[in-house]
Structures are given as structure tokens and as C-alpha cells.
Amino acid sequence: MKPEIDFKLQSAPLQFDYMKTSATTPDGTYRAYHAHQGVEFLYVHSGVGRVIVDQKVHEIESGCLLYFQPFQLHRVEIRLDGQTDYTRTCIVFEPSAFDQRLKEFPSLRAFLQRLAGGAYA
């Protein structure tokens, strides 16, 4: 299995990772509970499960696009039954690395700042 995103966003402010797994765990669930400095977009190509954000549980399935603000604690739990794959694409980026480059695009810059949730200004 290839390494996942390493979240060292100072040296690589934009990271992309595609992962597919059908491996089962002892309880049949793939889990990832974490927070990081960057904005994260996670697109679920296939699989079912749930995500826990701000102590709220949301069901997820194929076609879901998840978004997490910097330092927002979240947990992704995917049910693995040995028959259904979990396939996802994850994009993580450090918003401050793009701020100055977007000076000429004030609306896009404001949108990025809003996505970052005040993590930088």
C-alpha cells in the first residue's frame, strides 16, 4: 500500500492522494481520526460509512464530497465487508500558500479565506 498524504504542507502546500482498499480490519471498519493544518476535500468514489465532525455523525456513501477546515478534528469510518471496496480521492492544501497568488482574483481569494475558516487572513 502506498503512503498516504503526509500533511507536511510547508514543503508541499498541495497534496493529492487516490486510494482504493478492500482490506478488512478485525471489526470490518476502516478508521482515520485526525486533524491537520490544511483544508481537506475527500471524495468517496465507492464505499459506505460515516464521518464524525464536531461530535455529529453523518452517513457517507459513494458520490459524497467531504470538506474539512484546518485543524478541524474529524473521523472517517468506512465499513469494509471484503466485497465492497473503499475508494477515495483526498486533496489537502495549505490555504495561506495560495493567498498572495490570488490577489488579482478577489472573489476567489475571499472564497478561499472562507473555506479556511479564519485559519489565516
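Further up the page is the structure itself.
Residues numbered from 1 in each chain as written. Predicted model: local features only at pLDDT ≥ 70, side-chain atom pairs only at ≥ 80, totals over all residues. Heavy atoms only, no water.

A.B. asks: Requested: an account of the pattern of salt bridges, with residues and values cited.
C.D. replies: Applying the stated criterion across every chain yields a total of 6 salt bridges. Arg 75 serves as the salt-bridge partner of Glu 77, at 2.7 Å between the closest nitrogen and oxygen. Given the relative accessible area of 11%, Glu 77 is considered buried. Take Arg 75: its relative accessible area is 19%, and that puts it in the buried class. (Salt bridge = Lys/Arg side-chain N within 4 Å of Asp/Glu carboxyl O. Buried < 20%, exposed > 50% of the residue type's maximum accessible area, 1.4 Å probe, protein only.)

A.B. asks: Kindly report on the side chain of Glu 40, identifying the contributing residues and their values.
C.D. replies: When you line up the elements, Glu 40 lands in strand β3 (residues 39-46). Although Glu 40 is buried, it forms no salt bridge, and the closest oppositely charged side chain is Arg 88 at an N-O distance of 6.5 Å. A distance of 3.5 Å separates polar atoms of two side chains, one belonging to Glu 40 and the other to His 34. Residues contacting Glu 40, with those up to four places away along its chain left out, are His 34, Leu 66, Tyr 67, Phe 68, His 74, Cys 90, Ile 91 and Val 92. (Helix = DSSP H or I, 4+ residues; strand = E, 2+ residues; numbered from the N terminus. Lys, Arg positive; Asp, Glu negative; His and termini not counted. Polar contact = N/O pair within 3.5 Å; in protein donor to acceptor, adjacent residues only side chain to side chain. Contact = heavy atoms within 4.5 Å.)

A.B. asks: Let's hear about the packing of aromatic side chains: which residues, and what values?
C.D. replies: In this structure the tally under the stated criterion is 3 aromatic pairs. With a centroid separation of 6.4 Å and 15° between ring planes, the pair formed by Phe 41 and Phe 93 is classed as stacked. You can see Phe 41 sitting in strand β3 and its partner Phe 93 sitting in strand β8 (residues 86-93), a full 52 residues away along the chain. By relative accessible area, which is 23% here, Phe 41 ends up partly exposed. The exposure class assigned to Phe 93 is buried, which follows from its relative accessible area of 11%. (Phe/Tyr/Trp six-rings, centres within 6.5 Å; stacked < 30°, edge-to-face > 60°.)

A.B. asks: Requested: an account of helix α2 (residues 106-116), with residues and values cited.
C.D. replies: Those residues of α2 that sit buried are Leu 112, Leu 115 and Ala 116. Seen along its axis, α2 keeps its buried residues to an arc of 100°; they face one direction. Of the exposed residues in α2, those oriented more than 90 degrees away from the buried face are Pro 106, Ser 107, Phe 111 and Arg 114. On its buried face, α2 is in contact with β3, β6 (65-68), β8 and α1 (96-99). The positive-phi residue at the C-terminal boundary of α2 is Gly 117, with phi of around 65°. (Arc of directions from axis to C-beta.)

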